[in-house]
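Next come the chains, spelled out residue by residue.
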Amino acid sequence: MIQNRRQAFIGIEDEHLVDVAKFGDHLAFAELVERHYHSCLKLSFSILRDRSDAEDEVQNGCWKAFEHLDQFNREAKFSTWLARIVVNQCLMRLRQAKRARLFYIDDLLIGDEVVSLQLRDEGLNPEQAVGKSEVAVVVRSEINRIPPLLRDVFVLRDVNQLPMQDVANLLSISVAAAKSRLLRARQELRIRLSRHQSRLGAASLLTAQG
């Protein structure tokens, strides 16, 4: 019976399946997930670089899409809407993982003895840290000043490191258009950063752009 229902969905556009799914048809939503699962998984893996984590966030993204299906308003394709949810899930996981890597090693228990460890600081010296922080602030500020049409492509590709095809899909544009916007965004950022070189140093800003 289920297989017959699935076969009945063949040839039906995503948006029609969404309408059916909004009325509580779980099989219609399952068909939507089946159609776009592999593309979402590829996108998720490109961000997380771990197969298991990528699968988890695709599943979480699909569940969130199901919970908020009534918010899909056809401003974009369903596949793009779902992909954006998955991207957000992946970025949240990365932020959580970054916080989880901060831990304390004071009061370490070795056998029956509690000891404190002193590790050699391999980080930047105070001057380097200040310089790097200042450059980062400038770069973020100038990225935010890039026109949104160009900035979105730059953030997805150069900041989040998404494949160009995924960037194009998320923005509902062609790969050629995405590449053109990315080139213009990089040129725009390079011009903006060049204005700060006399204050922060050309070498630092060139490193920030790399």
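It should be emphasised that the depicted structure is a prediction, and the values quoted were computed from it without experimental measurement.

Rules and cut-offs
- Residues numbered from 1 in each chain as written.
- Predicted model: local features only at pLDDT ≥ 70, side-chain atom pairs only at ≥ 80, totals over all residues.
- Heavy atoms only, no water.
- Helix = DSSP H or I, 4+ residues; strand = E, 2+ residues; numbered from the N terminus.
- Buried < 20%, exposed > 50% of the residue type's maximum accessible area, 1.4 Å probe, protein only.
- Contact = heavy atoms within 4.5 Å.
- Areas by Shrake-Rupley, 256 points an atom, 1.4 Å probe, with all protein chains shown as cover.
- Phe/Tyr/Trp six-rings, centres within 6.5 Å; stacked < 30°, edge-to-face > 60°.

To continue, consider the overall build of the protein. A tally of helices and strands in the protein yields 11 helices and two strands. If you list the helices and strands of the protein from N to C, you get α-α-α-α-α-β-β-α-α-α-α-α-α. Across the 210 residues that make up the protein, the buried fraction comes to 32%. Taking all contacts inside the protein whose residues are at least 6 apart in sequence as the whole, residues at least 24 apart take part in 56%. If you sum the accessible surface of the protein, you get close to 14000 Å²; carbon and sulfur atoms cover 53% of it.

Let us look at the packing of aromatic side chains. Evaluated as defined, the whole model comprises five aromatic pairs. Seen from their ring centres, Phe72 and Phe78 are 5.8 Å apart, and the 80 degrees between their planes marks the pair as edge-to-face. The residues Phe72 and Phe78 share a single accessibility class, namely buried. Three or more aromatic residues joined by ring pairs make a cluster, and in this case those are Phe29, Trp63 and Phe66.

Summarising the element assignment, Ser46 is placed in helix 3 (residues 26–48). Accessibility expressed as a relative area gives 7% for Ser46, which makes it buried.

Structural measurements only, silent on function.
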